[in-house]
Every structure is written in structure tokens, then in C-alpha cells.
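Letter by letter, the chains look like this.
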Amino acid sequence: MLTESQKQQYQRDGFIVIPGFKSAEEIARLRARAAQIVNDFDPAAQSGIFSTIEQEKTTDDYFLGSDNTVRCFFEEEAFGVDGQLKQAKELSINKIGHAMHDLDPAFRAFTADARLEELARELGLSDPKVWQSMYIFKQPGIGGEVRWHQDATYFDTDPVSVTTFWFALEDATLDNGCMWAEPGGHRGPMRERFLRNGDDVRMEKLSDMGWPDNSTAVPLECKAGSLVCFHGLLPHYSAPNRSAVSRHAYTLHVTDGATSYSPQNWIQRDDKLPARGFL
């Protein structure tokens with residue numbers, strides 16, 4: 001799957017961008033299914049607001065209960081002072097999460113790609129296990145910032161193995177809030193760890209090392225169909241989307257089954273719904 005140059009880039013930078021990995025037809029099917037899930041979502045019956053800026057404050061039963069099911073989350077700026085949506089529901093959803101890759105046929109079909117299994121192994125995952133899936137909308141005008149973080153914070157293994165597979169379903173640009181990453185930042189320490197014990201969650205600080213800024217980070221602009229793969233310790237973030245264009249993406253978090261998966265990670269699986277690979 002990867003050239004020697006791409007393998008070297010991944011080792012050096014902590015990420016690679018692979019253009020044209022998914023076809024327009026595959027993207028269209030996934031987007032249509034996401035639109036149907038949002039259309040069927042009843043905000044009056046259930047709701048949640050997603051934030052990585054105030055993770056503990058906004059974490060509630062709705063969020064924690066989404067670990068092994070499929071739920072919709074609103075953008076933080078979707079509501080007016082009166083508590084009502086400021087625009088149509090389909091333009092207010094931040095994301096769908098977190099187990100579509102196992103529970104929804106359309107998302108499973110997109111995820112069950114033999115090329116991803118091969119790619120994961122080339123990136124060093126001897127036994128890939130997919131723990132989480134998210135469909136991210138990055139809505140026009142109100143698409144929220146995702147603060148600097150490392151994905152290993154939420155998927156701790158010994159040794160660190162979590163790898164992110166991020167699919168651009170629309171062009172990701174500077175205007176609509178593309179990701180930024182710090183090349184080589186994956187060689188630094190894990191800054192924090194998100195711990196769950198039952199319904200109690202907290203963020204544990206592990207390092208005083210600061211986060212990057214635009215002087216060292218680079219934008220990961222890419223075309224629809226591109227796949228971005230990055231190391232779990234790679235610092236990355238995305239700015240708010242103030243443009244008139246959305247930035248849809250689908251992302252998977254994958255660990256190596258040969259490593260020890262922390263029992264304090266927020267997503268756990270049992271024999272009823274075991275973590276499995278791409279196939």
C-alpha cells in the first residue's frame with residue numbers, strides 16, 4: 001500500500017496524506033446514510049453538545065452512553081439564547097458517534113476495506129482493532145474548534161498504538177477548518193489522559209509540555225476522497241469553520257490488539273460487541 005518514501009514520512013512526521021483513497025461513489029453512499037441518521041434524529045427525545053474545549057463539563061450520560069451505539073451531537077453554537085436551534089437541524093449537528101463502523105451497514109461497508117487492513121499493518125499495527133467511528137460535519141458558519149490534543153489521550157495502550165484514519169468526504173481547506181498538525185510532534189510525550197471509572201470521568205495531566213502553534217504546525221489541506229493517517233501522539237487541532245462551506249469527514253481510531261488496552265479508557269467492549277478489525 002505504501003511506498004518506502006511514504007513509510008519514511010510517517011516515521012518522520014507522524015502522518016501521511018493519501019489522495020484518492022475513497023471513490024466519489026463510496027463517499028456519496030456514506031453521506032446519504034449520515035443524512036438519513038440526522039433526519040431520523042429527534043432532538044426533543046435526546047440531545048448532546050460536543051466539546052473538546054471543556055471535555056469534563058460537557059461530558060454527560062448522553063455522551064458516555066454513546067460509546068457502543070450511534071448518537072448525534074449538536075454544535076456548541078447551534079442554539080440561540082432562547083435555547084432553540086438557530087438553523088435547520090441538518091445544519092446544526094456536530095457529529096455522529098461512536099460505533100457506526102460495527103452497527104450500521106453503510107458505515108460498516110465503508111470501513112470493511114481490505115486495503116485499510118493492509119495499510120494498518122504497514123503502519124505497525126499487527127492486529128488492528130477499531131474502537132471508535134465518528135462522522136464529523138464541521139458545519140458552515142458554526143463548525144466548532146477542536147482544541148489541540150492527542151488521540152492517545154482517549155485510547156491509551158501500553159505501548160502507545162492508537163492510529164487515526166481520517167477520511168475527507170469533502171475538500172478540507174484553510175477556509176472551512178482543515179486539520180493542523182505538528183510534524184514530528186508524535187515523538188513528544190503524552191500530555192494528558194482521559195480516564196473513566198463507571199460514570200466518573202476526569203482529565204489527568206501527564207506533562208507540562210505546551211501545545212504547538214502556527215509557527216510549527218502545518219495545515220493538512222486535502223481533497224475529498226483523501227485519507228489522512230496519523231500517530232496517536234501527534235498533536236493536532238482544527239479551527240472553527242466560519243465559511244459558507246461544510247467540511248464533512250469520517251474518522252476511525254484503531255489500536256493494536258497485541259498491546260494492552262487500558263481498562264480506564266472511555267470506550268470498552270465485551271463479548272457481546274467485541275472490538276474487531278477492518279475485515
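Residue numbering note: each chain is counted from 1, following its sequence as written. Per-residue local features are limited, in this predicted model, to residues with pLDDT of at least 70; the limit for side-chain atom pairs, both in listing and counting, is 80 or more; totals at the level of whole chains, interfaces and linings are taken over all residues. The side-chain numbers reported here are obtained from all heavy atoms of the structure, hydrogens and water having been left aside.

1. A look at the pattern of salt bridges
For step 1, the next point in the chain: We define a salt bridge as a side-chain nitrogen of Lys or Arg found within 4 Å of a carboxyl oxygen belonging to Asp or Glu. This model, assessed by the stated rule, comprises 18 salt bridges.
For step 2, the next point in the chain: Salt-bridge contacts for D104 lead to R33; the nearest nitrogen and oxygen are separated by 2.6 Å. Note that D104 is positioned in the loop between α5 (100–103) and α6 (105–111) and R33 in helix α2 (residues 24–40), a separation of 71 residues in sequence.
For step 3, the next point in the chain: Since its relative accessible area comes to 22%, R33 is described here as partly exposed. Labels follow the DSSP assignment, with helices taken as runs of H or I lasting at least four residues and strands as runs of E lasting at least two, numbered in each case from the N terminus. Residue exposure (1.4 Å probe, protein chains only): buried if accessible area is under 20% of the type maximum, exposed if over 50%, otherwise partly exposed.

2. Thoughts on the sheet that holds strand β8 (residues 179–181)
For step 1, the next point in the chain: Pairing within the open sheet is antiparallel, and its 4 strands lie in the order β5-β13-β8-β11. Strands at the two margins of the open sheet, each flanked by one partner only, are β5 (146–149) and β11 (218–219).
For step 2, the next point in the chain: Following DSSP output, two strands are said to pair if at least two bridges run between them. Note: β8 against β11, 2 bridges, orientation antiparallel. Looking at the pairing, W180 lines up with P219 of β11.

3. Quick notes on helix α1 (residues 4–13)
For step 1, the next point in the chain: By the burial criterion, the buried members of α1 are Q6, Y10 and D13. End-on view of α1: buried residues confined to an arc of 95 degrees, all on one side of the axis. Exposed positions of α1 whose direction lies more than 90 degrees from the buried face are E4, S5 and Q11.
For step 2, the next point in the chain: Contacts are assigned to residue pairs with any non-hydrogen atoms lying within 4.5 Å of each other. In this structure, the buried residues of α1 make contact with β1 (15–18), β7 (163–168) and β12 (227–231).
For step 3, the next point in the chain: Directly after α1, the chain includes G14, whose backbone phi takes a positive value near 90 degrees. Comment: arc refers to directions from the helix axis out to C-beta atoms.

4. What about the pairing of β12?
For step 1, the next point in the chain: Counting buried positions over the 5 residues of β12 gives 4, a clear majority of the element.
For step 2, the next point in the chain: Across 4 bridges, the pairing between β1 and β12 is antiparallel. Considered in β12, the bridge of V17 is made with V228.
For step 3, the next point in the chain: Where β7 lies against β12, 5 bridges are found, and the strand directions are antiparallel. Within the sheet, the bridge partner assigned to F167 lies in β12 and is L227.

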